[in-house]
Number of protein chains: 2
Amino acid sequence: MSKIIGMRAGQLAKAADVNVETLRYYERRGLLPEPPRQASGYRIYPESSIDRLKFIKGAQALGFTLEEILDLLNMRLDTDANRTDVRKRAREKVNHIQEKIRALQEMEHALNQLISQCHGDGSAADCPILEAIPSFGTKDIDNEV
Amino acid sequence: MSKIIGMRAGQLAKAADVNVETLRYYERRGLLPEPPRQASGYRIYPESSIDRLKFIKGAQALGFTLEEILDLLNMRLDTDANRTDVRKRAREKVNHIQEKIRALQEMEHALNQLISQCHGDGSAADCPILEAIPSFGTKDIDNEV
DNA sequence: CTTGACTCCGTACTATACTACGAGGTTTAT
DNA sequence: ATAAACCTCGTAGTATAGTACGGAGTCAAG
């Protein structure tokens, strides 16, 4: 008797540090493909689901919406699109990501300014942050991927 | 007769590309300081409000919550905290930002992989993305600032 | 001196992304 | 074989971040 390899909802949820309900939610949203079922109806997830969930969580923390993440994940599956299209869309996403990186670097720089300007151990009343970064936020960073 | 310099809600909203209602919402949340009022009760915003709003919008697009942004903005105003504390908190935020940058760079790398692997002009069926980034998402990036 | 655009306020509604609930069936350890 | 633990589903509730509404007051142009 060969046992089907894979994990159940609870195990996956624990491994990826998400709520079990979130798995169903992502399945509905198309972020997590419908896994095979046991005779009982129980879902059996492959190990790779853990990485997929971590990818989703990571991308979210970077300001991508589930919609955008879906788009990222499905890029390779869009068989209607030809490779020229995929490359074009990928390049757009790269640009968008570079914008985000640039903005984060400005923020990092501003905080480092704050750290160096805010020396000694007195009151913090005069330590600036927004003032340290007049350039930040002047370029539009929207969430379009 | 000297006129009070500043802009009204509608002008600020337009300049910063946000909804007028959002201004009131941010005011309630403490993200936008309560501006002075005209005799009529109309708010008069200083020019600097535009930058503040753009900062907020930019930070949001990078995955920061309003709560976290408030924390960033108020860092310099926390007169209870001493400079040693502010520096410590700023360093934590810098680390967090560096994590985000690193993750975005991985994503960028993965997309560039996709672009180079997905050459020619045939079907996009076999162009990978998640597969191109086995390492992505293995390190936790939560939203704690 | 009126008309239209703008602003005020409280409150209610919406979208996104979960998260919980409850009734019932399944699996597993004792 | 039975109880604890787990899973199924639809549906309902929550948190965050706006966004809209509507009645009333204000301001500027004609």
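Read on for an overview of the structure.

Rules used throughout
- Residues numbered from 1 in each chain as written.
- Chains lettered and ligands numbered in written order.
- Predicted model: local features only at pLDDT ≥ 70, side-chain atom pairs only at ≥ 80, totals over all residues.
- Heavy atoms only, no water.
- Helix = DSSP H or I, 4+ residues; strand = E, 2+ residues; numbered from the N terminus.
- Buried < 20%, exposed > 50% of the residue type's maximum accessible area, 1.4 Å probe, protein only.
- Contact = heavy atoms within 4.5 Å.
- Near = heavy atom within 4 Å.
- Polar contact = N/O pair within 3.5 Å; in protein donor to acceptor, adjacent residues only side chain to side chain.
- Phe/Tyr/Trp six-rings, centres within 6.5 Å; stacked < 30°, edge-to-face > 60°.
- Lys NZ or Arg CZ within 6 Å of the ring centre and 35° of its normal.
- Salt bridge = Lys/Arg side-chain N within 4 Å of Asp/Glu carboxyl O.
- Arc of directions from axis to C-beta.
- Core = buried A, V, L, I, M, F, W, Y, C linked by side-chain atoms within 4.5 Å.

## A look at the overall build of chain A
Of the regular secondary structure elements, chain A holds five helices and zero strands. Ordered by position from N to C terminus, the α and β elements of chain A give α-α-α-α-α. Looking at chain A as a whole, 45% of its 145 residues are labelled buried. Expressed as a percentage of contacts within chain A between residues at least 6 apart in sequence, the contacts between residues at least 24 apart total 54%.

## Considerations on the protein's contact with DNA strand C
Within the structure, DNA strand C sits among 21 residues, and Y26(A), Y42(A), Q60(A), R24(B) and R43(B) are positioned closest to it. Backbone atoms, meaning sugar plus phosphate, form 67% of the atoms of DNA strand C positioned within 4 Å of the protein. A distance of 2.9 Å separates a phosphate oxygen of DNA strand C from a polar backbone atom of L66(A). Contributing elements (two or more residues each) for the surface near DNA strand C: α2 (20–29) and α3 (48–61) of chain A together with α1 (9–16) of chain B.

## Observations regarding the packing of aromatic side chains
Per the stated rule, a full pass over the model turns up two aromatic pairs over all chains. Judged by centre distance (6.1 Å) and plane angle (45°), the ring pair of Y25(A) and Y26(A) falls under tilted. Seen from the ring of F64(B), K100(B) lies directly overhead, with NZ or CZ sitting 4.2 Å from the centre.

## Things to note about the pattern of salt bridges
Any two side chains of opposite charge can pair if their charged atoms end up close together. Residues and elements named next belong to chain A. Throughout the structure, instances matching the rule amount to 16 salt bridges over all chains. The partner of R29 in a salt bridge is E67, and the shortest N-O contact between them spans 3.6 Å. Taken together, the residues span a long stretch of sequence, with R29 in helix α2 and E67 in helix α4 (residues 66–74) at a distance of 38 residues. On the basis of relative accessibility, which here comes to 53%, the residue E67 falls in the exposed class. Among the salt bridges present, the one from E106 reaches R102, with a minimum N-O distance of 2.5 Å. Pair noted here: E106 and R102 are both in helix α5 (residues 83–117), with a separation of four residues, about one helical turn.

## A look at α2(A)
Residues that lie three or four places apart on an α-helix share one face, since the helix turns once every 3.6 residues. Residues and elements named next belong to chain A. By the burial criterion, the buried members of α2 are T22, L23, Y26 and E27. One side of α2 carries all its buried residues, which in axial view fall inside an arc of 140°. Seen from the buried face of α2, the exposed residues on the opposite side, beyond 90 degrees, are E21 and R28. Elements in contact with the buried residues of α2: α1 (9–16), α3 and α4. With a side-chain oxygen positioned 2.8 Å from the backbone nitrogen of E21, the residue opening α2 is N19. Positioned one or two residues after α2, G30 has a phi angle of 85°, which is positive.

## A short note on the nonpolar core
Membership of the largest hydrophobic core comes to 70 residues, with the highest contact counts inside it found for L53(A), I69(A), L53(B) and I69(B). Look past the residues within four positions of I69(B) in its chain and what remains in contact with it is L31(B), F55(B), I56(B), A59(B), Q60(B) and F64(B).

## Regarding the protein's contact with DNA strand D
Taken together, 21 residues lie near DNA strand D, and R24(A), R43(A), Y26(B), Y42(B) and Q60(B) sit nearest. Side-chain polar atom of R37(A) to a phosphate oxygen of DNA strand D: 2.9 Å apart, as the coordinates give it. The contact in question runs from a phosphate oxygen of DNA strand D to an N or O atom on the side chain of K57(B), over 2.9 Å. Contributions of two or more residues to the surface near DNA strand D are made by α1 of chain A together with α2 (20–29) and α3 (48–61) of chain B. With five residues, α2(B) is the single largest residue contributor to the surface near DNA strand D.

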